[in-house]
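# Structural overview for review
Residue strings, one per chain:
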Amino acid sequence: MLNDLPIRKIIHVDMDAFYASVEQMDNPDLKGKPIAVGGGGKRGVISAASYEARQFGVKSAMSGRLAEKLCPELIFVRPRFDRYKDISNRVRKIFFDYTDLVEPLSLDEAYLDVTENKIGLPSATLIAKKIRQRIFDEVGLTASAGISTNKFIAKVASDYNKPNGQKTVNPEDVLQFLEDLDIRKFYGVGKVTAEKMYQKGIFTGKDLKSKSLEYLDQNFGKSGRYYYYVVRGIHNSEVKPNRIRKSLAAERTFNENLSSEIFMLEKLDHIAEEVSKRLEKSRVAGKTITLKIKYSDFTLQTRSKTLLYYISDKSIILETAKELLYQEKLNNSVRLLGISLSNLNTDRDKKPQSTEEDKTSVSAQLKFEF
């Protein structure tokens, strides 16, 4: 029955240029100036950029050297993660005044399910406004928000009116919103997948929607089913207050590029030890070890191996990482190495199969007042 189907009001809150905004708040001399958190030195990588810096094309994950070329007046600031975590905790306390269904994605963003909320307000749009105003009044920072019937659409919507804005995609507008959406805006479609979709004439949600499930399965593998349903407004993932960790990793960027595997083994020893400590602290173990290699030309390569049993012991992690390192010849000198464990013993989440009942829930939500 339609009345029994899940109908949700989801908010995605995303802090605006979080790390950079904290630095500008704490140091008034930085306000209105292009700043980058991290990225200092010839090997540095940008963690976050202020909106003033973004106007020059500076963005996160960019090398500090390139960022400085794009914006000669750029000011580099050393990151203070303890400070960012403290601010993040203050913001989350505000979230919990409205709902206990809060799923943090990182220090600067979270999903909130306010279908049933603590203040008894039926409008998710008004709740998002109240939350954003409180963050500004009590913390001193701005946040943007997206509001809709599921997590996917809410996350996409939160990016529309940044900074310091919000967008609501009402239930009756969901299908049109998705059809009009640029394929690059679809959460889960990266640069490589977008290029592949372009080659197949898929540029918008409408183009994607025209493809059959069989076609998407054939051309995009396991992700094909996800694309098929999400473009139809079907994404029934619940807001999970206690998110299950999917992987655990550690990595190191080197001061000088490494060209010999012998020197890399010493680095892998330290990385494996760090991964093992984190596994022990989190009380988890994993089956799949992945070696991440970033070359001096910034190309990225990963090599993985799945064991028959869960492991957390440093010696096994290291030996497997060594095996992966020697698996094939390196393409170039190496600037970064990383080791991650996935397929953890906490990973019990299985994506539910979409059913005819799920499809019906979309039409049910079209009658739902937001």
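Just above sits the structure.
Quick look at the structure, then. (Residues numbered from 1 in each chain as written. Predicted model: local features only at pLDDT ≥ 70, side-chain atom pairs only at ≥ 80, totals over all residues. Heavy atoms only, no water.)

### What to know about a nonpolar patch on the surface
On the surface, a nonpolar cluster with roughly 250 Å² of combined accessible area is contributed by Phe 56, Leu 66 and Leu 70. As for its placement among the helices and strands, Phe 56 is situated in the loop between α2 (51–54) and α3 (64–70). The partly exposed category is assigned to Phe 56, whose relative accessible area is 42%. (Patch = residues over 30% accessible without salt bridge, like charges linked within 9 Å, V, L, I, M, F, W, Y side chains within 5 Å. Areas by Shrake-Rupley, 256 points an atom, 1.4 Å probe, with all protein chains shown as cover. Salt bridge = Lys/Arg side-chain N within 4 Å of Asp/Glu carboxyl O. Helix = DSSP H or I, 4+ residues; strand = E, 2+ residues; numbered from the N terminus. Buried < 20%, exposed > 50% of the residue type's maximum accessible area, 1.4 Å probe, protein only.)

### Some thoughts on the environment of Glu 109
Here Glu 109 is to be found in strand β6 (residues 109–113). Between the C-alpha atom of Glu 109 and that of Val 189, which follows or precedes it by 80 residues, the distance is 19 Å. A polar contact of 2.8 Å, which involves the side chain of Glu 109, links it to the side chain of Lys 155. (Polar contact = N/O pair within 3.5 Å; in protein donor to acceptor, adjacent residues only side chain to side chain.)

### Overview of helix α1 (residues 18–26)
Within α1, seven of the nine residues are buried, which leaves the element mostly enclosed by the surrounding structure. Of all the residues in α1, the buried ones are Phe 18, Tyr 19, Ala 20, Ser 21, Val 22, Glu 23 and Gln 24. Buried residues along α1 sit in contact with β1 (10–15), β2 (35–38), β3 (46–49), α2, β4 (75–77) and α4 (81–96). (Contact = heavy atoms within 4.5 Å.)

### Some points on the packing of helix α12 (residues 261–282) against helix α13 (residues 314–325)
Running from N to C, α12 and α13 cross one another at 140 degrees; their axes reach a closest spacing of 9 Å. Relative to α13, α12 is oriented oblique. The element α12 and its partner α13 pack so that their crossing is right-handed. Residues Glu 261, Met 264, Leu 265, Leu 268, Asp 269, Ala 272, Glu 273, Val 275, Ser 276 and Leu 279 of α12 touch α13, and the partners they reach there are Lys 314, Ile 317, Leu 318, Ala 321, Lys 322 and Leu 325. In the contact of α12 with α13, the residues fall into 10 nonpolar, one polar and five charged. (Axes fitted to C-alpha atoms, helices over the stretch in contact; angles between N-to-C directions. Parallel < 35°, antiparallel > 145°, perpendicular 65-115°, else oblique. Left-handed = near helix turned anticlockwise from the far one by under 90°. Nonpolar A, V, L, I, M, F, W, Y, C, P; charged D, E, K, R; others polar.)

### Re the sheet that holds strand β10 (residues 286–295)
Overall, antiparallel pairing links the four strands, which are arranged β9-β12-β10-β11 in an open sheet. Unpaired on one side and paired on the other, β9 (247–258) and β11 (300–311) mark the two borders of the sheet. In this sheet, neighbouring strand axes are inclined to one another by 15 degrees on average, regardless of whether the strands run parallel or antiparallel. Bridging between β9 and strand β12 (residues 334–344) involves eight bridges; their strand directions are antiparallel. By the bridge assignment, Ala 250 is partnered in β12 with Ile 339. (Pairing = 2+ DSSP bridges.)

### Digging into the pairing of β1
A large share of β1 lies buried, amounting to six of its six residues. Burial along β1 is two-sided: Ile 10, His 12 and Asp 14 facing one way and Ile 11, Val 13 and Met 15 facing the other are all buried. Of the pairings in the sheet, the one linking β1 to strand β7 (residues 143–148) comprises six bridges and is antiparallel in character. Note that in β7 the partner of Ile 11 across the bridge is Ile 147. Here β1 pairs with β6 via five bridges, running antiparallel. Each residue of the ladder has a partner; that of Ile 10, found in β6, is Asp 113.

### Looking at empty space enclosed by the protein
Enumeration over the complete set of coordinates arrives at three cavities of 30 Å³ or more. Each pocket or cavity is described by its volume, and for the second largest cavity that value is around 50 Å³. Taken together, Val 13, Met 15, Ser 88, Val 91, Arg 92, Phe 95, Ser 106, Leu 107, Asp 108, Glu 109 and Ala 110 form the lining of the second largest cavity. Listing elements by their share of the lining of the second largest cavity, those giving two or more residues are β1, α4 and β6. Tallying contributions element by element places α4 first for the lining of the second largest cavity, with four residues. When its residues are assigned to classes, the lining of the second largest cavity shows six nonpolar, two polar and three charged. (1 Å grid on protein atoms, 1.4 Å probe; cavity = no way out; pocket = protein on both sides within 12 Å on 5 of 7 lines; lining within 4 Å. Points joined across faces, edges and corners; volume = space filled by probe spheres on them.)

### Examining the nonpolar core
Core analysis: the largest hydrophobic core is formed by 32 residues, its most contacted members being Ile 11, Phe 18, Phe 95, Leu 112, Ile 131 and Ile 135. When residues of this core are traced back to their parent elements, those giving at least two are β1, α1, β2, α4, β6, α5 (124–138) and β7. Apart from the residues lying within four places of it in its own chain, the contact partners of Ile 135 are Val 13, Met 15, Val 91, Ile 94, Phe 95, Gly 140, Leu 141 and Ala 143. Val 275, Leu 324, Leu 330 and Leu 341 belong to the second largest nonpolar core, which has 29 residues in total. (Core = buried A, V, L, I, M, F, W, Y, C linked by side-chain atoms within 4.5 Å.)

### A short note on the environment of Leu 66
You can see Leu 66 is positioned in helix α3. Separated by 56 residues in the primary sequence, Leu 66 and Pro 122 place their C-alpha atoms 48 Å from one another.

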